[in-house]
Amino acid sequence: MKKILKNLQHQIKILNSLYYLVFFAFLIDLSIIAIINLNFSNAIFLKGIFLSILAVVKISFYGGFYGILVEIASEQEIFLTFRRFKQNVKDGWLFYIILSAFICILYLILITNIPNSNITLLLFFSYFDIVFCLGLAYLIISKKYSFSRGDRMSFDPKFFFSTIFIYVVKIVLVHMLESSNDGSVIIDKLIALMAQYFHFLLFVNISMQFIKHCSSDIEERQRPEIYLITPVVSGVLEPIINLILGNLLNFFYPPVFLILRGLTPKKYIIREFYNRFWNDRYYKSNKLVVITCYTFNSYEAYSIAKGFKEKGSTVVIGGFHVSFLPDEALEYCDSVVIGEAVGAWEEVINDYEKGTMKKKYYSLGPLDDPESVQKELMSASPEIASKLIETTRGCKFDCEFCAGPMMCGRQIRKKPVKDILAIIKKVRHQCKHFCFLDANIYADPKYFIELFEEIKKLKIKWIASCSIDIATNVKALTLAKESGCKILRFGYEITDQSVEIKQGGKFSLANKYSVLTKKVRDKGIHVTAFLIFGHDSDNFKSFLDLIRFSLVNPFFTRSVCILTPYPGTRLYYRKLAEDKIRNLNWMDYNASKFVLKHDKLNEPLYEVIIPIIFNLIFFRPLTYAFLFALFYALGVGIFSMLK
Ligand code: SF4
């Protein structure tokens, strides 16, 4: 009994992780019923068109959904991806039509031979649900995997009882639906949704029965696996936006995944988790789990690491945060990679295979990516490759608040021009827009000119982060435009009136910010601005300066962050020494909270007004939406008063 319940629980978990697809399937069916019931007496043709469109949507969607359920049940995939869904639509739509048509034909035979049977198509389908699921699961699984030779297909009792249970519940629900003549519409819909849920549960249940007999799947499962994870921060809006943009447009693909893929022996299956809300179902034993950790997502990284360790997997954490605080991370994981992955990862893999994992792995220093990483980039999809080209690594500046120079060094490492051109040439026909990953695309002016003289010939469009000194070099700026530059992102960090100009380095051009920004804009290149508030010298006047600076310079977008002392930065150590750090709760280190004590600012007040002013008022689409909503509300108010 315990085993039956455990199995059922596992199947329910699989289906629950795709609850939104069950709901979508239900919506499609509801829409079809609504169209059928609508009175289109004058427009039968229109009704036909709507029904045809919905039928195509239903067949494609169901075909894809059943395929994804099989892949997740077999552990070929761990979660839904758009790419796999598309493939499953192609593979499964015909099977779905064949099985549905088969049951419809049986129904026609029944009502022709027994006209008074009083059985509806819905009820008939639910009686034959078990046949439908058996047939469909068999067809899909035999197309994906091969069944073991000589293995007799037999029903395991622990599956058999759960299959019958699900099947009976489904029939009871459909009977309830059929017999509810004048019941509540909402309750009817809920029953219909539950019936739909049990149908898919039956399919998962039966699929798992077949999957046990698939040899290729079993062999595949024996290959060692590495999980690469970049945890999504908890929250409401930001993770959802990331999820949508990330999944649809392949934004936010972690560059380190590509490097690790390139450095990992091919015998490993690599599974990637990014832009994804965590689900306990993903915890598995006997895996090598690699988690990338920044300060802002360290809470989630540690919690996931703990979950995998409890299951018996080996957990390695790397990234900026743990490179500077390795002992903190070691409370939750087995090993920490300190510094860049290149030069450390090979040793991690070797030790993992020998079972001799060390606590700390040190990168051998700033190294160039090996050839295998370039190969990995060349084989990546155009959407990903076009966003992962890094021409240089390292930064010539040494800003006090930035951990980049401490992690990647101050020496500029340049990628061979031919390698960059090779990737662009490979993907430019599918993807015209490129986003360079560099911290500063203008890190080395000579190299920049050499590279973009060549890129100019390839007729692409690109955006990148840059330092404002590019505007002092007419040749470089002109070349940027001619080579297809659309947007340059400048980290101004301070305004042209800030006392912080005395820090020098990147700030030494601050008093010319407006003039230089105009030069970039005059070339037809948009400018996005990053500013930081909360520097030691900042006060109310600095805040007004920030607003003025944002108004007089027509930036494409601007974002203002609160100065945050990330571990590893010079700022962090200075503020620790001065005892000016308010708290070490890393969840607050998201650049929208004052974690530093400030002598001249009312911190809570600025935490509220900065997002209101800079994110809402200055962000144009939202401004327009806000104004529209305001005028609409006013109009409605005045109109109702006049009435
Ligand atoms: S210029 Fe940018 S990348 Fe370089 S140190 Fe300053 S903030 Fe970091």
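Refer to the structure printed above.
Each chain carries its own residue numbering, running from 1 in the written order of its sequence. Local features in this predicted model are restricted to residues of pLDDT 70 or higher, and side-chain atom pairs are both shown and tallied only at a pLDDT of 80 or more, whereas totals for entire chains, interfaces and linings draw on every residue. With hydrogens and water stripped out, all remaining heavy atoms of the structure feed into the side-chain values.

Draft legend 1. Structural detail: the overall build of the chain. Scanning the chain for helices and strands turns up 26 helices and 13 strands. Taking all 643 residues of the chain together, the buried fraction comes to 50%. Any pair of residues with heavy atoms lying within 4.5 Å of one another is described as a contacting pair. Considering only contacts within the chain whose residues lie at least 6 apart along the sequence, 73% involve residues at least 24 apart. Carbon and sulfur atoms form 64% of the exposed surface of the chain, whose accessible area is close to 31,900 Å². Runs of H or I in DSSP of at least four residues are treated as helices and runs of E of at least two as strands, each being numbered from the N terminus. For every residue, the accessible area obtained with a 1.4 Å probe (protein chains only) is divided by the maximum for its type, and the residue is called buried under 20%, exposed over 50%, and partly exposed between those limits. The protein chains shown are the only cover counted for residues, whose accessible areas, like all others here, come from Shrake-Rupley with a 1.4 Å probe.

Draft legend 2. Fine view of the site of the ligand. Whether a residue is near a molecule or strand depends on its heavy atoms: if one lies within 4 Å, it is near. As a matter of local geometry, the ligand sits amid Cys395, Phe397, Cys399, Phe401, Cys402, Pro405, Ala439 and Lys506. Here the term charged refers only to Asp, Glu, Lys and Arg, the term nonpolar to Ala, Val, Leu, Ile, Met, Phe, Trp, Tyr, Cys and Pro, and the term polar to all other amino acids, Gly among them. Of the residues in the shell around the ligand, the class split is 7 nonpolar, no polar and 1 charged.

Draft legend 3. Highlighting the packing of aromatic side chains. Note on aromatic contacts: the rings of Phe and Tyr and the six-membered ring of Trp form a pair at centre separations within 6.5 Å, being stacked when their planes are under 30 degrees apart, edge-to-face when over 60 apart, and tilted otherwise. Taken as a whole, this structure holds 53 aromatic pairs when the rule is applied. The interplanar angle of 40° and the centroid separation of 6.3 Å between the aromatic rings of phenylalanine 23 and phenylalanine 26 together place this pair among those described as tilted. Of the two residues, phenylalanine 23 and phenylalanine 26 both sit in helix H2 (residues 19–37), 3 residues apart, roughly one turn of that helix. Phenylalanine 26 sits in the buried class, given a relative accessible area of 8%. Between phenylalanine 24 and phenylalanine 61 the ring centres are 4.9 Å apart and the planes differ by 65°, which places this aromatic pair in the edge-to-face class. Placement of phenylalanine 24 in helix H2 and of phenylalanine 61 in helix H3 (residues 44–73) is noted, with a sequence separation of 37 residues between them.

Draft legend 4. Broad picture of the packing of helix H6 (residues 129–144) against helix H8 (residues 185–211). One can describe the packing of H6 onto H8 by two numbers: an axis separation of 9 Å at closest approach and a directional angle of 45°. By the angle class used here, H6 and H8 are oblique. The two elements H6 and H8 cross, and the hand of that crossing is right-handed. For the pair H6 and H8, the contacting residues are Asp129, Ile130, Phe132, Cys133, Leu134, Leu136, Ala137, Tyr138, Ile140 and Ile141 in the first and His199, Leu202, Phe203, Ile206, Ser207, Phe210 and Ile211 in the second. Among the residues forming the contact of H6 with H8, the class breakdown is 14 nonpolar, 2 polar and 1 charged. Comment: axis = line fitted to C-alpha atoms, over the contacting stretch for helices; angle = value between 0 and 180 degrees taken between N-to-C directions. Each angle is binned into one of four classes, with values under 35 degrees roughly parallel, values over 145 roughly antiparallel, values of 65 to 115 roughly perpendicular, and all other values oblique. The hand of a helix crossing depends on one turn: near helix anticlockwise from the far one by less than a right angle means left-handed, and clockwise means right-handed.

Draft legend 5. View of the pattern of salt bridges. Whenever Lys or Arg places a side-chain nitrogen within 4 Å of a carboxyl oxygen from Asp or Glu, that contact is recorded as a salt bridge. Inspection of the entire model under this criterion finds 38 salt bridges. The shortest N-O distance in the salt bridge between arginine 393 and glutamate 340 comes to 3.5 Å. Of this pair, arginine 393 sits in strand S7 (residues 392–393) while glutamate 340 sits in the loop between strand S5 (335–338) and helix H15 (345–354), placing them 53 residues apart in sequence. Glutamate 340 sits in the buried class, given a relative accessible area of 10%. Residues participating in the shared-partner salt-bridge network are Glu340, Asp369, Glu390, Arg393 and Arg413.

Draft legend 6. Just the sheet that holds strand S9 (residues 433–435), in detail. Two strands are counted as paired when DSSP detects at least two bridges linking them. Within the open sheet, the 5 strands sit side by side as S9-S10-S11-S12-S13. Their pairing is parallel. Either end of the sheet is taken by a strand with one partner, and the two such strands are S9 and strand S13 (557–562). When strand polarity is set aside, the average angle formed by the axes of neighbouring strands in this sheet is 15°. Inspection of the sheet shows strand S12 (residues 526–533) paired to S13 by 6 bridges, in the parallel sense. Paired with phenylalanine 530 across the strands is serine 559, a residue of S13.

Draft legend 7. Local environment of the sheet that holds strand S4 (residues 314–318). As summarised here, the arrangement of the 6 strands in space is S2-S1-S3-S4-S5-S6, forming an open sheet in which the pairing is parallel. Looking at the sheet topology across the chains shown, the edges are occupied by strand S2 (269–273) and strand S6 (360–362). Shown here is a sheet whose adjacent strand axes are inclined to one another by a mean of 20°, direction ignored. Two elements, S4 and S5, share 2 bridges in a ladder whose sense is parallel. Across the sheet, isoleucine 317 pairs through a bridge with valine 336, a residue of S5. In the packing of helix H11 (residues 255–263) onto the sheet, contacts are made with strand S1 (225–229), S2 and strand S3 (288–292), and the angle to S2 comes to roughly 175°. Each of S1, S3, S4, S5 and S6 is contacted by H15, which is oriented at about 155° to S3, the strand it contacts most.

Draft legend 8. Spotlight on unusual backbone geometry. Of note, the phi angle at glutamate 75 is positive, near 65°, even though the residue is not glycine. Judged by its relative accessible area of 31%, glutamate 75 is partly exposed. Even without glycine at this site, lysine 459 takes up a positive phi of about 55°. The residue lysine 459 is located in the loop between helix H20 (445–455) and strand S10 (461–466) in this model.

Draft legend 9. Looking closely at a nonpolar patch on the surface. On the surface, a cluster of nonpolar side chains totalling about 820 Å² of accessible area is made up of Phe23, Phe24, Leu27, Phe45, Leu46, Ile49, Phe50, Ile53 and Val57. When contributions to the nonpolar patch are tallied by element, the ones reaching two or more residues are H2 and H3. The dominant element in the nonpolar patch, judged by the number of residues it contributes, is H3, at 6 residues. The class for phenylalanine 24 is partly exposed, based on a relative accessible area of 39%. Each patch groups residues whose relative accessible area exceeds 30% and which form no salt bridge, using 9 Å between like charges and 5 Å between nonpolar side chains of Val, Leu, Ile, Met, Phe, Trp and Tyr.

Draft legend 10. How the structure looks around the packing of H2 against H8. Their axes nearest at 10 Å, the elements H2 and H8 cross at an angle of 125°. The pairing of H2 with H8 is recorded here as oblique in orientation. The hand of the H2/H8 crossing is right-handed. Residues Val22, Phe23, Ala25, Phe26, Asp29 and Leu30 of H2 pack against Lys189, Ala192, Leu193, Gln196, Tyr197 and Phe200 of H8. Partitioning the contact of H2 with H8 into residue classes produces 9 nonpolar, 1 polar and 2 charged.

Draft legend 11. View of the nonpolar core. For our purposes a nonpolar core is just a set of buried Ala, Val, Leu, Ile, Met, Phe, Trp, Tyr and Cys residues, chained together by side-chain atoms within 4.5 Å. By size, the foremost hydrophobic cluster in this structure holds 100 residues, and its most contacted members are Phe448, Trp462 and Tyr492. What fixes the domain bounds is an automatic or database domain assignment. For this core, the domains that each give at least three residues are domain 2 (223–362) and domain 3 (380–630). Leu15, Tyr96, Phe147 and Ile166 belong to the second-largest nonpolar core, a separate cluster that totals 60 residues.

Draft legend 12. Seen up close, helix H16 (residues 371–379). Within the span of H16, buried status applies to Val373, Gln374, Glu376 and Leu377. Summarising the axial view, the buried residues of H16 lie within an arc of 160°, below the 170-degree limit, and thus occupy one face. Away from its buried face by more than 90 degrees, H16 exposes Glu371, Lys375 and Ser379. Buried positions along H16 lie against H11, helix H17 (382–385) and helix H19 (417–427). The directions considered for the arc are those from the helix axis to the C-beta atoms.

Draft legend 13. Geometry of a positive patch on the surface. Taken together, Lys3, Lys6, Lys13 and Lys311 make up a surface patch of like positive charges. It is helix H1 (residues 2–16) that provides the largest number of residues to the positive patch, a total of 3 residues. You can see lysine 3 is positioned in helix H1. As used throughout, the charge tally considers Lys and Arg to be positive and Asp and Glu to be negative, leaving His and the chain termini uncounted. To locate a charge, take atom NZ for lysine, CZ for arginine, CG for aspartate or CD for glutamate.

Draft legend 14. Structural context of the pairing of S3. By the criterion of burial, S3 is predominantly enclosed, with 5 of the 5 residues buried. Summarising the sheet, S3 and S4 pair through 5 bridges and their orientation is parallel. Counterpart to isoleucine 291 in the pairing with S4 is isoleucine 317. When the strands point away from the viewer and the path from the first strand over the helix to the second turns clockwise, the crossover is right-handed. Note that the unit made of S3, helix H12 (residues 298–311) and S4 has a crossover that is right-handed.

By themselves, these figures tell us nothing about what the structure is for.
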